[in-house]
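Examining the three-dimensional arrangement
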Amino acid sequence: MSIFKDFKRYKILILTVLILTFANTIGELLLPKMMSQIIDIGVANQNITYILRLGAVMIGVTLVTIVVRGSAAYFSAKTSMLFSRDLRKRMFNKVNRMTFDETEYFSISSLITRTTNDVAQIEQLVLMALRPLARAPLTFIGGLLMAFTTSVRLSLVVFISLPFLAIVLYFVIKVVVPYFPRLQQALDHINLLLRQRLTGLKVIRAFSRDKQEEETFEEANERYYQIGLKVNKVMQTINPILMLILNLTIVITLFLGARYVQQGIMSIGALMAFVQYITQVLNSVIMVTRMMTMLPRSVASIDRINAVLNYPSRAVGGSDVLNDPITSVEAKDLTFYYPDANRPALKQLNFSIHKGEVLGIIGGTGSGKSTLLKLFMQFYDPTEGQLLINGQPIDTLNPESVREKISYVPQQNYFFSESVRGNLFYSNPDATDEQMLDSLETAQATQFLPREKPLEKTVARGGSNYSGGQRQRLAISRALTRHASLYIFDDSFSALDYKTDYELRLALQGKLDDTATIIVAQRVATIRHANKILVLENGQVQGLGSHDELMRNNQIYREIAISQGEGEEPK
Ligand SMILES: Nc1ncnc2c1ncn2[C@@H]1O[C@H](COP(=O)(O)OP(=O)(O)OP(=O)(O)O)[C@@H](O)[C@H]1O
């Protein structure tokens, strides 16, 4: 199982726990024997010296056992915590490198539950398995041996109770096991609803869906409660049954033992020791039964974690490292299908862009603009045809080395709940304050930030303390803070008023003269000065040329421009 792949890393710790547990068990097995000798030899013969001497040894053994037991508990807790820490890290790294589709496949809320809840479940399993489970077979065999050496006849009692314990164990496996995967799924569903509720808060309020949302949540919550209740009911019934078996065995032992003592076949000390051994043996079986109730839940968690860790992530790109700045990008019959889609999102695209040029991309909604940008960012590889960076196919290039050269402003911006500085650092950890202030200036973002210490201003999570247009300007500042050779703006000017849009483009002209720039826009005004404009419709190129050329010979572009009042040449 890949989840335990790295377990050997903790072998010294595990070995320490096992040795300490072994010593602990030996100590616990010795004590009843000593006690029986105190009774049978010391008390029976009124030998005070013997009682005191063996009593002192018993105290010594007890103290050592306590220390050994405490150390075993400490080291097993340490091992399980280390294991869960490393497992969480592996999960996070795996999720961190997943493509968007892959995270959607698992669902984000389920990935959160798997990384937190399921890992915590495994942590408990490791904790339980290390000590109690290691102790159970030792105590079972050791206790049985000691019981046999104490009284062979009475030992037969164990064989009466063991079948009953086996039945309980079978019942646990048969009845309780199937509930746990259902319980985890129900919890996933609750998390999913909660996440949707919290992220879609505004939409839910705006459409007055609060009541329906509450009802849906209540249903999911009720389902979780019902399954949880059933599991707990069964588990709580099992406990008294186990205790009943244990206590009845002791009663039978005492009943028979008392007769043997009366008949002189057995000493009182031996009977007392025997009862303790039999209790230890049965307790070890009970412990395993309890573990079994925990195991199915853990098996469900192991499966869920393994599903993520073993998921064959789709590798994007190749191994060639792009060392030079991007000076040219060329699409040759570029075609792309989303995984499982039967229609291409991009079909036979041909265009190129070089250093110092601006490529504008315009098209209706769903025409493939963002999809094309995702190919530049290597979120996907092209399906057919080629996308060449500096003449080399993008699918042979190492994605990190390509992304390093690009500064990208996605359509939907995300900000972290940090200062403006903290957010700008994401694009360039080496940026100086001057660089950041310059980017804010260029992106027209200083207008709404405080004059004093604008970089210290806090940004709420997702940038929710700013308007849409302000967020776009902050996102553009972030992109400009990075030294890139290709700048990509995905509909990043759409929420700006015309004046700011104009001023921003003017400011950008001086800044990005030496780089290649791609601007996706819905507004002709934003891209009319681009060297080339690509007109996309249904994933196909419907026109490529300058604004003037397209106005002359491209009907779609002309219609878009005229509808936006951009038909006339600027005065
Ligand atoms: N992850 C995805 N899986 C499958 N199909 C997708 C996915 N993302 C987008 N599409 C489809 O690909 C097509 C192009 O979408 P894309 O987002 O590139 O359009 P767009 O031109 O950027 O639109 P808009 O201007 O509305 O953002 C659409 O038909 C869309 O339904």
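Residues numbered from 1 in each chain as written. Predicted model: local features only at pLDDT ≥ 70, side-chain atom pairs only at ≥ 80, totals over all residues. Heavy atoms only, no water.

Turning our attention to the sheet that holds strand E8 (residues 516-521). If you walk across this open sheet you meet the 6 strands as E6-E7-E8-E3-E9-E10, and the pairing is mixed. Only two strands of the sheet have a single partner each, and these edge strands are strand E6 (406-409) and strand E10 (540-545). Strand-to-strand twist in this sheet, taken as the mean axis angle between neighbours without regard to direction, amounts to 15 degrees. Across 4 bridges, E6 lies against strand E7 (residues 486-490) in parallel orientation. Pairing of Ser407 across the sheet is with Tyr487, part of E7. (Pairing = 2+ DSSP bridges. Helix = DSSP H or I, 4+ residues; strand = E, 2+ residues; numbered from the N terminus. Axes fitted to C-alpha atoms, helices over the stretch in contact; angles between N-to-C directions.)

A regular strand places its side chains on the two faces of the sheet in alternate fashion. Relative to E10, strand E9 (residues 532-537) runs antiparallel, the two being bridged by 5 bridges. Its bridge partner lying in E10, Ile533 is registered against Gly545. Hairpin connection between E9 and E10: a loop of 2 residues separates the two successive antiparallel strands, and Asn538 in this loop has a positive phi of roughly 45 degrees.

A separate point is helix H9 (residues 210-262). With 53 residues, H9 ought to run about 78 Å at 1.5 Å a step, and its terminal C-alpha atoms sit 77 Å apart, in line with that. Of the residues trailing H9, Gly264 is marked for its positive phi of about 80 degrees. (Expected span 1.5 Å × (residues − 1).)

Here the UniProt-annotated "transmembrane region" (unreviewed entry) positions come out as residues 12-31, 51-75, 156-177, 238-258 and 264-288. Helix makes up 100% of residues 12-31 and strand makes up 0%, while its end C-alpha atoms are separated by 29 Å. In this annotation, residues 51-75 is assigned 100% helix and 0% strand; the end-to-end C-alpha distance for the span is 36 Å. (UniProt positions renumbered as here; feature names shortened; annotations may be inferred.)

In the region of the ligand, 14 residues are neighbours, and Gly366, Lys369, Ser370, Thr371 and Gln411 sit closest. Measuring from an oxygen atom of the ligand, one finds a backbone N or O atom of Gly366 at 2.8 Å. Taken together, the residues of the shell around the ligand break down into 3 nonpolar, 9 polar and 2 charged. (Near = heavy atom within 4 Å. Polar contact = N/O pair within 3.5 Å; in protein donor to acceptor, adjacent residues only side chain to side chain. Nonpolar A, V, L, I, M, F, W, Y, C, P; charged D, E, K, R; others polar.)

Below, the discussion takes up the sheet that holds strand E5 (residues 392-393). Strand pairing in a sheet takes place through backbone hydrogen bonds and is either antiparallel or parallel in direction. Taken together, the 4 strands give an open sheet; going across it, the order is E2-E1-E4-E5, and neighbouring strands pair in antiparallel fashion. Strand pairing shows two members of the sheet lacking a second neighbour, strand E2 (346-354) and E5, which therefore form its edges. With 6 bridges joining them, strand E1 (residues 328-336) and E2 adopt antiparallel strand pairing. Residue Ala331 lies in a different strand from E2, and its bridge partner there is Phe351. Across the face of the sheet, helix H11 (residues 369-376) comes into contact with E1, E2 and strand E4 (384-389) while running at roughly 60 degrees to E2. (Contact = heavy atoms within 4.5 Å.)

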